[in-house]
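# Close look at the chain arrangement
For reference, the chains in residue letters:
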Amino acid sequence: MSAAADETLIIEPRSRDLGEFSVRRALPDRRRQRIGPFIFFDHMGPAEFPPGKGVNVRSHPHIGLATVTYLFEGEILHRDSLGFVQRIRPGAVNWMTAGRGIVHSEKVTPEILDRGQKLHGIQTWVALPIADEESDPDFTHYAADEIPDVSLEGVDICVIVGRAFGAMSPVKTASETLLAAATVSSGRTIELPEAQELGVYVITGTIDIGNVSVRAGQLAVFDGGGGERMTAASDCHIVFCGGDALAGERIIWWNFVSSNRGRLERAKDDWQNGRFDAVPGEDDFIPLPPE
């Protein structure tokens, strides 16, 4: 990969209001839909929820993708149409494969609602290979102690998905995928992980890669073979995302991803007419948005 200024794309995320809180959405961008298989990248928080307020994302459907949730602070309660009920807490990973279709909600427990919380994390979607777009839906939770950490002098790295920095995550994926979070002390230099396509998102601080500076709230995108070095211009918190490029085009509409426009139309009709399986015990849902 080359970090030359004229070959580096810097994405400024857009702020999106989700009702209870706002997120910074880096992908998709008008100049770049995907980085490896990642087709959606939200940085949420840090957000303060006082007692009586909390995340309340009602039931909604997905097809053709996998969702990945990773928290730095706080807790979210996942429920889905397969019957899984799982709290996601810092350091753990929720990997939900939508495939041909799944419905889920993201809320908080009554205990969290009563006391309030600080929430901070990332939510991403991974587009599935075309051969897996209609696979059976699935959900897997990986506890924090299953996710490997790498500690170097002045650098702490969590390899959330994939292989990097001499460690390999147990998270199973449908294609070559990399997701890692790192804290890097000011002045430290590390080599960027190998990936066919790589994004570096800066949560706090500023990093220098070659002659390119990337500051907090920006996503830098690189294509190529790796080997570039990154230096922390200040104490930094960063996220690496990427992997192998997927073959074929993808279309995104609302919560649906597919290589086939007709499949998206069928998903819209299925949700509009109640043909998705429901989340057990929940009757609130997000209606199909207007075109």
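Coordinates for the structure precede this section.
Residues numbered from 1 in each chain as written. Predicted model: local features only at pLDDT ≥ 70, side-chain atom pairs only at ≥ 80, totals over all residues. Heavy atoms only, no water.

## Here's the deal with the sheet that holds strand E3 (residues 22–27)
- Taken together, the seven strands give an open sheet; going across it, the order is E2-E3-E4-E11-E6-E9-E12, and neighbouring strands pair in antiparallel fashion. Either end of the sheet is taken by a strand with one partner, and the two such strands are strand E2 (14–17) and strand E12 (138–142). The average undirected angle you get between the axes of adjacent strands in this sheet is 20°.
- Across four bridges, the pairing between E3 and strand E4 (residues 38–49) is antiparallel. When the sheet's bridge partners are listed, arginine 25 is paired in E4 with aspartate 42. (Pairing = 2+ DSSP bridges. Helix = DSSP H or I, 4+ residues; strand = E, 2+ residues; numbered from the N terminus. Axes fitted to C-alpha atoms, helices over the stretch in contact; angles between N-to-C directions.)

## Quick notes on the environment of proline 129
- Inspection of the secondary structure assignment puts proline 129 in the loop between strand E11 (117–127) and E12.
- Sequence spacing of proline 129 and glycine 64 is 65 residues, and the spatial spacing of their C-alpha atoms is 8.6 Å.
- Not counting the four nearest positions on each side in its chain, proline 129 is found in contact with Ala174, Ser175, Leu246 and Arg250. (Contact = heavy atoms within 4.5 Å.)

## Comments concerning the pairing of strand E13 (residues 149–152)
- The pairing of E13 with strand E14 (residues 155–161) spans four bridges and is antiparallel. By the bridge assignment for E14, serine 151 is matched with aspartate 156.
- Once E13 ends, the chain turns through two residues before running back antiparallel as E14, passing glycine 154 with a positive phi of about 75°.

## Side note on the sheet that holds E14
- Taken together, seven strands build an open sheet; the order of strands is E1-E22-E19-E24-E17-E14-E13 and the sheet is antiparallel. With one partner strand each, in any of the chains shown, strand E1 (9–11) and E13 form the two edges of the open sheet. Taking the axes of each pair of neighbouring strands and ignoring which way they run, one obtains an average angle of 20° across the sheet.

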